[in-house]
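Descriptive analysis of the structure
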Amino acid sequence: MRASAVALFFLSPLVAEFLLGDFTVTMLPFLLLLAPMYGGAALVIREVARRTGRGWPTIVLLALAYGLFEEGITTQSLFNPDYAGAHLLDQGFVPALGIAVPWTLYVLALHTVWSITVPIALVEEVSGRRTTPWLRTPGLVTGCALFALGAFGTTMASYGMDQYLAPWPKPATVLVIVALLVVAAFRVPAPIRRPGAAPSPLIVLAVTLGGGALFMSTKWLPDAAGVPAMLAAFVVVIAAILGWSRRDGWDGRHRLAAAAGGLLTYAWHSFTTQPLAGGGAVVTPVSHVFFALCAVALLAWEARRVARGAGARQDGVRAERS
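Presented here is an overview of the structure given in this document. (Residues numbered from 1 in each chain as written. Predicted model: local features only at pLDDT ≥ 70, side-chain atom pairs only at ≥ 80, totals over all residues. Heavy atoms only, no water.)

So, about the packing of aromatic side chains. Per the counting criterion, the structure on display carries 12 aromatic pairs. Residues W103 and Y106 carry aromatic rings whose centres are separated by 6.2 Å and whose planes lie at 40° to one another, so their mutual orientation is tilted. You can see W103 and its partner Y106 sitting in helix α4 (residues 101-125), three residues apart, about one turn around the helix. Considered together, W103 and Y106 belong to a single accessibility category, that of buried residues. Pairing Y106 with F215 gives two aromatic rings, centres 5.5 Å apart and planes at 5°, and the pair type is stacked. Here F215 lies in helix α7 (residues 201-217) and Y106 lies in helix α4, a separation of 109 residues in the sequence. (Phe/Tyr/Trp six-rings, centres within 6.5 Å; stacked < 30°, edge-to-face > 60°. Helix = DSSP H or I, 4+ residues; strand = E, 2+ residues; numbered from the N terminus. Buried < 20%, exposed > 50% of the residue type's maximum accessible area, 1.4 Å probe, protein only.)

So, in structure tokens, the structure goes:
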């Protein structure tokens, strides 16, 4: 399953930065520098969760811990008022916490859902070994080393850009919260089956697309409306998926629909953004179209594979009953 591990290693940064619209096609060589941080984290999170027999609640909590670690420790964008010259803390800043609530919620959701969870879901669904480890111990150790290297490189690059270091209580608090999230990830109870049938995959897709649209639209809303809308979008979608996934009939079609909603949200949202690097009057829209088409092509390919698998299972059930 090394191919699946390699696919996840590169898909995570592709979704996190290129499909989001932060970088254009001219910056694709930069993928090699982004992959250790994003891809290494996604791979380690997935492998550790599956090696311990854990499922999606564990993966999501570990993804949240990763997002907090990246933005609170390596880039320190949660605390830096002038990070990348973007003035991310201008709106909704809470002096007692030292963070801007809108930016904190927004960026942590981006990492939890899109940087880690969506790529894992997409690769797992076509891997042939969705819930079992892909790597032996040396491979997992290599993944950890790559993540550590990526974290170090990101930290050095961020410091070199702004020469900013948050006062020590802030990163120390982040590390404590990250540790608590990791502990919670491995203490979350196993899901309990619920009565009833899972909805159509199209309903799952519609809900995730709607939640994604509401979440992304908050950047055009005032904080008083944007923060509650952001929380509502995240909570409703997570609650719906957790509830539906415990019902009879939930299968690969539903999992793919949930991941597709996330991927397509990034695809359309990229057209509303300007790249951080590599942009231009022509290259920017061309890049948005290119990455969006790649996302659609990936989903179409996966949908055919998942549909064939579902059809084969149904044929097997009918054969057993006949």
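Read on, since the account is not over.
The geometry of helix α1 (residues 2-19) relative to helix α2 (residues 31-51) is characterised by a closest axis approach of 7 Å and an angle of 115° between their N-to-C directions. Seen along the crossing, α1 lies across α2 with a hand that is right-handed. Each of A5, L8, F9, F10, S12, P13, L14, A16, E17 and F18 in α1 lies in contact with α2, whose residues at this interface are L31, L32, L34, A35, P36, Y38, G39, G40, A42, L43 and R46. Within the contact of α1 with α2, the residues separate by chemical class into 16 nonpolar, three polar and two charged. (Axes fitted to C-alpha atoms, helices over the stretch in contact; angles between N-to-C directions. Left-handed = near helix turned anticlockwise from the far one by under 90°. Contact = heavy atoms within 4.5 Å. Nonpolar A, V, L, I, M, F, W, Y, C, P; charged D, E, K, R; others polar.)

This part takes up the layout of surface pockets. Approximately 1500 Å³ is the volume attributed to the largest pocket. E17, D22, Y83, W103 and L276 are the residues nearest the centre of the largest pocket, which is lined by 50 residues in total. Breaking the lining of the largest pocket down by element, the ones donating at least two residues are α1, α2, α3 (56-74), α4, α5 (137-162), α8 (223-244) and α9 (252-269). For the lining of the largest pocket, a count of residues per class yields 27 nonpolar, 16 polar and seven charged. The calculated volume of the second largest pocket comes to roughly 1100 Å³. Every residue lining the second largest pocket is counted, 44 residues in all, and those nearest its centre are W56, V60, T117, I241 and L242. Among the elements that make up the lining of the second largest pocket, the one with the highest residue count is α4 (nine residues). Split into classes, the residues belonging to the lining of the second largest pocket amount to 23 nonpolar, 13 polar and eight charged. (1 Å grid on protein atoms, 1.4 Å probe; cavity = no way out; pocket = protein on both sides within 12 Å on 5 of 7 lines; lining within 4 Å. Points joined across faces, edges and corners; volume = space filled by probe spheres on them.)

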